[in-house]
Each structure stands twice: as C-alpha cells, then as structure tokens.
Amino acid sequence: MKLASFRSSIESEIRLGIIVDDVIIDMESWGIEHELDLPSNMLEFIDLGPAAVKAVSETLKNIDARSLVATSIPLSTAIITAPIPAPRKNIFGIGLNYTEHVAESARTLDTSKELPQKCVIFSKPPTTVIGPGDSIKHNDQVTKQMDWEGELAVIMGKKATHVSKEKALDYVFGYTIINDISARDCRRSGQWIVSKGQDTFAPMGPYVVTADELTDPHNLQIITKVNGVEKQNGNTKFMLFNVNDIIEDISEVISLEAGDIIATGTPAGVGAGREPQEFMWPGDVVEITIDKLGTLKNYIVKA
C-alpha cells in the first residue's frame, strides 16, 4: 500500500490516507465502510501491526465506486504532510554509509578516509521533521554551509531487540524519503546533532510504501536535484551497511520500536564534497526522488 498523512484543507486536521491512483482515501472512513476499526493517524495504524495492513489491502482488492466516493478526495486537492508529522522519538541517522561519500567527506571534512567497521549512528530530534512542500529554515547567523543529503528512510513496524540481520526486514513497516539536511559548519568536536538536528532539518515524505509491497529496499535509485540540477545519483545497493545490517546493529544496543525512523545514509554528491563546495541558500529548491517512493520537494527560506 501507498500511505500518506494529509489535510483536506489548510484548516483541517491531519488524517491518514491510502493513495489509490488519483485519489486519497481517508483510512478511518474507509474502515467504517468496511467494518474495520481503523485509526486516523499513521502511528496508530503502525501500532496495529501487519494484520491491519493485510486486512486493509484485502478490502482494496474490491473497490466499489460508492464507498470510494464516500471516503476519498482527489489527490490533487490534498495537502500532503510528513508521513509521521510528530515522531515519538529521535530519528536514527546513519553516517558515512556509501563508499564514495566516505571518500568525499574525508577530502573536505574532518572524517576518516577508512571505511567504517560498524554503523556510524547519530540522531535528529522530532522537531526536525517537516513535510513535502514545507520550508527548510536557513539561519545565516548559525550556518553558511547548509547541505543536502537524499536518503532512504525505514519505518519500523514493531519492537526490535537483538534482531538478527536475517530476520530484520520482518520488523519493517515501510519506507519513505528523508532529506538529512546538515549544517557542515555546526559540527562540535566530532558531534553531529547540532549540525543535523536544527528545526526543519528532516523533510520527509511524500508517501510511505509498506514493506509487503516494497520487498527489496536494496536496489532503489536516489536522485537529488537543487534548482533542477542533479547533484546526487546513487543506489541503495551500494550501501556499506544495508537495511538488515543497520537494524541488527542498532537493535543490539538500543531497542527499536514501532514508528521509529531510520535514515540510512546518503550517496556521494553532497555540497561539501564538491569542488568548489556548494551549499543551499534562501530561494533554492531541493528535490529528492527515490524509485517507487516518489519525489520530496522543499524550499529554502530565511529563518
């Protein structure tokens, strides 16, 4: 299934929707039509587990015009928000997870040229999250090196503690896009949270594709454009630590829970790694496209 959080108007509350062709179905209303007790937000739906995904998927096989009209609006009129507008916890980030990105970071930043032997893990607070079309705030009193990082994001579907890589994907709810915005000049003695954790520094969306539909996250093209110019063109098959490895590694020391979000790292082509370096400024537009997950577009504005 393809899911989204949306508003039907600027003033309305955020609802959970199912995208089918050119319409978005209100999840809770769809449940009432089909005698299913379904929630109105993404986190509550994730909490219901795989059985709920299966039940909704089954009802979608026999869509009738009457129930569709009663429960949906045109996708073109919906205001899509971040899939999980207010995560319960910090986002887990994975740094230096593509070989060429390790090399470009070593050239221009103070990172090691050696390939990591374990996942490099950091976090981004829930206040970093914004949705598609929202504005990334640039405070030029704080940073003059705002950078892009197009990434595949994993959303966990159930609690994972000491999970083996062989079973890791069984714990995934779905996948979306994240832009791990980074202020390169805000790193502090090797710590990254100030660089990556500023407000609006985690645009997400536009959709979540559930794991039953996207069964292989390890061959997805990632393309990042700034002002229409391609900056990154990579593929998740080149991750040093794939999704299975990442879940195994994190869950060995920190329990992952339903609704937790993992940003799996960015391929080469970030602004800091270019010669000369390039960074984003108010007026710029950044877009990330990932196979099967759509395009995430955001605007840079002055804070």
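This text goes with the structure placed above it.
Residues numbered from 1 in each chain as written. Predicted model: local features only at pLDDT ≥ 70, side-chain atom pairs only at ≥ 80, totals over all residues. Heavy atoms only, no water.

Right, let's get into the nonpolar core. Core analysis: the largest hydrophobic core is formed by 32 residues, its most contacted members being Leu3, Ile18, Phe45 and Phe173. The next biggest cluster of nonpolar side chains, apart from the first, holds 30 residues, and it includes Ala160, Ala168, Val209 and Ile262. (Core = buried A, V, L, I, M, F, W, Y, C linked by side-chain atoms within 4.5 Å. Buried < 20%, exposed > 50% of the residue type's maximum accessible area, 1.4 Å probe, protein only.)

This part covers the packing of aromatic side chains. Evaluation of the coordinates by the stated rule reveals 2 aromatic pairs. Note on Phe45 and Phe173: the rings are 6.1 Å apart at their centroids and 85° apart in plane angle, and the pair reads as edge-to-face. Of this pair, Phe45 sits in helix α2 (residues 42-47) while Phe173 sits in strand β12 (residues 172-179), and the two are 128 residues apart along the sequence. Comparing Phe45 with Phe173 shows no difference in burial state: the two are buried. (Phe/Tyr/Trp six-rings, centres within 6.5 Å; stacked < 30°, edge-to-face > 60°. Helix = DSSP H or I, 4+ residues; strand = E, 2+ residues; numbered from the N terminus.)

Let's shift gears to unusual backbone geometry. In the segment running from Gly205 into Pro206, the intervening peptide bond is cis, with an omega of 0°. Position of Pro206 relative to the elements: it lies in strand β14 (residues 202-210). With omega at -5°, the peptide bond leading from Glu275 into Pro276 counts as cis. Note on placement: Pro276 falls in the loop between β17 (261-263) and β18 (285-290). Look at Ser189: it is not a glycine, yet its phi comes out positive at around 50°. As for its position among the elements, Ser189 is in the loop between β13 (182-183) and α6 (193-196). One non-glycine residue, Asn227, adopts positive backbone phi at about 55°.

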